[in-house]
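Residues per chain are reported as follows:
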Amino acid sequence: MMLAIGSGAVVGLLLALFGGGGSVLATPLLLYVVGIGDTHVAIGTSAAAVAVNAAINLLGHSRSGRVKWPCASVFAAAGLLGSFAGSSLAKAVDGQRLLLFFAFAMAAIALSMLRKPKGEGDPAVHITWPLVARLAPMGLLTGFAAGFFGIGGGFLIVPGLMSAAGMTLANASASSLLSVAIFGAATSVNYAVSGLVNWPAAGLFVAGGAVGGWLGLKGARRLAARARLARSLFAGLVLLVAVYVAWRAVVGA
């Protein structure tokens, strides 16, 4: 129980601090720390827990005025169908092979977090029809990837929102949590229909995530001046975990 709560706190903290990429450690933590032995159950459980944690963190960011609701809503709505399709495909894939795919996704997340944004973005961005035309297809593809890998997909959502809508990194990180919550909920429902969600573990994970998210929201303000260094360190950690997950997938342990 304590391991599940502690793991949830780590994920909640990272989600609040970084938005995109913050949920990627949920599945490895459930597999190798909490002790859930089935890859599909770990993915379904992490999706459920991350969805709730993202929703909690979204409320905190919303109160601070960092969420661009119209742009975030278009992205999330378009990705909802994609997340169902991606998670349906993932359930049909062998667990060890899926874990290997997940490791590659983690490596991609780590590398994306090291990339420097091209510009600061527009903090006053507003939704327009041309923006809808760019946000919707990107949301659909991102939702599919999030559903397949059982992750929030924030590492794709944040750069997607910045590229399609031209918003700032801070606004994109906060706004991404809406999609993380919706994609995670859709994925967990799909897995739950097949009995692939450990609800007690998910509940403990959420409880820890609420505490971690509260700490993360406070730390996000203090971390603003060193955000680049913090993201680089976190990216390095994700890359190391990706190597470990790939090794476990290959040896079948």
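Scroll up for the structure.
Everything numeric in this text was worked out from a predicted model, so none of it was measured.

If you tally the helices and strands in the protein chain, you get 10 helices and 0 strands. If you list the helices and strands of the protein chain from N to C, you get α-α-α-α-α-α-α-α-α-α. When burial is assessed residue by residue, the protein chain has 53% of its 253 residues classed as buried. Of the contacts formed within the protein chain by residues at least 6 apart in sequence, a portion of 84% connects residues at least 24 apart. Looking at the protein chain as shown, the accessible area adds up to about 10,900 Å², and 71% of this sits on carbon and sulfur atoms.

This part takes up the packing of aromatic side chains. Applying the stated rule across the entire model yields 4 aromatic pairs. Measuring from centroid to centroid gives 6.1 Å for Phe101 and Phe148, while their planes differ by 40°, and the two rings are tilted. Placement of the pair is Phe101 in helix H5 (residues 95–114) and Phe148 in helix H6 (residues 129–149), with a sequence separation of 47 residues. Given a relative accessible area of 34%, Phe101 falls into the partly exposed group.

In this model helix H4 (residues 69–91) runs 32 Å from its N-terminal to its C-terminal C-alpha over 23 residues, within 8% of the 33 Å that 1.5 Å per residue would give. Those residues of H4 not exposed but buried are Cys71, Ala72, Phe75, Ala76, Ala78, Gly79, Gly82, Ser83, Gly86, Ser87 and Ala90.

On to the side chain of His61. Within the element layout of this structure, His61 appears in helix H3 (residues 39–63). By relative accessible area, which is 7% here, His61 ends up buried. For His61, the contacting residues outside a window of four places in its chain are Ala16, Arg66, Val67, Ala174, Leu177 and Leu217.

Helix H8 (residues 169–193) packs onto H3 with a crossing angle of 150° between their chain directions and a minimal axis gap of 7 Å. It follows that H3 is roughly antiparallel to H8 by the angle criterion. Seen along the crossing, H3 lies across H8 with a hand that is left-handed. Within the contact between the two elements, H3 uses His40, Ile43, Gly44, Ala47, Ala48, Val50, Ala51, Ala54, Ala55, Asn57, Leu58 and His61 and H8 uses Ala174, Leu177, Leu178, Val180, Ala181, Gly184, Ala185, Thr187, Ser188 and Tyr191. Split by residue class, the contact of H3 with H8 holds 15 nonpolar, 7 polar and no charged.

In an α-helix, one turn spans 3.6 residues; hence positions three or four apart end up facing the same way. In this model, H6 (21 residues) spans 30 Å end to end at C-alpha, consistent with the 30 Å of a helix rising 1.5 Å per residue. Those residues of H6 not exposed but buried are Leu131, Leu135, Gly139, Thr142, Gly143, Ala145, Ala146, Gly147, Phe148 and Phe149. Immediately downstream of H6, the backbone of Gly150 shows phi near 70°, a positive value.

This part takes up a nonpolar patch on the surface. A contiguous nonpolar surface patch, about 380 Å² in accessible area, is contributed by Leu13, Val211, Trp214 and Leu215. Relative to the assigned elements, Leu215 resides in helix H9 (residues 199–223).

This brings us to the side chain of Ser46. Position of Ser46 among the secondary structure elements: in helix H3. Accessibility expressed as a relative area gives 1% for Ser46, which makes it buried. Those residues in contact with Ser46, other than ones at most four positions away along the chain, are Ala26, Thr27, Leu30 and Gly150.

Moving on, we come to the environment of Gly44. Turning to its location among the elements, Gly44 is positioned in helix H3. Given the relative accessible area of 0%, Gly44 is considered buried. The spatial distance from the C-alpha of Gly44 to the C-alpha of Gly147 is 9.8 Å, given a sequence separation of 103 residues. Apart from residues no more than four positions distant in its own chain, Gly44 is found in contact with Ser188, Tyr191, Leu196 and Val197.

How each quantity is defined
Residues numbered from 1 in each chain as written. Predicted model: local features only at pLDDT ≥ 70, side-chain atom pairs only at ≥ 80, totals over all residues. Heavy atoms only, no water. Helix = DSSP H or I, 4+ residues; strand = E, 2+ residues; numbered from the N terminus. Buried < 20%, exposed > 50% of the residue type's maximum accessible area, 1.4 Å probe, protein only. Contact = heavy atoms within 4.5 Å. Areas by Shrake-Rupley, 256 points an atom, 1.4 Å probe, with all protein chains shown as cover. Phe/Tyr/Trp six-rings, centres within 6.5 Å; stacked < 30°, edge-to-face > 60°. Expected span 1.5 Å × (residues − 1). Axes fitted to C-alpha atoms, helices over the stretch in contact; angles between N-to-C directions. Parallel < 35°, antiparallel > 145°, perpendicular 65-115°, else oblique. Left-handed = near helix turned anticlockwise from the far one by under 90°. Nonpolar A, V, L, I, M, F, W, Y, C, P; charged D, E, K, R; others polar. Patch = residues over 30% accessible without salt bridge, like charges linked within 9 Å, V, L, I, M, F, W, Y side chains within 5 Å. Salt bridge = Lys/Arg side-chain N within 4 Å of Asp/Glu carboxyl O.

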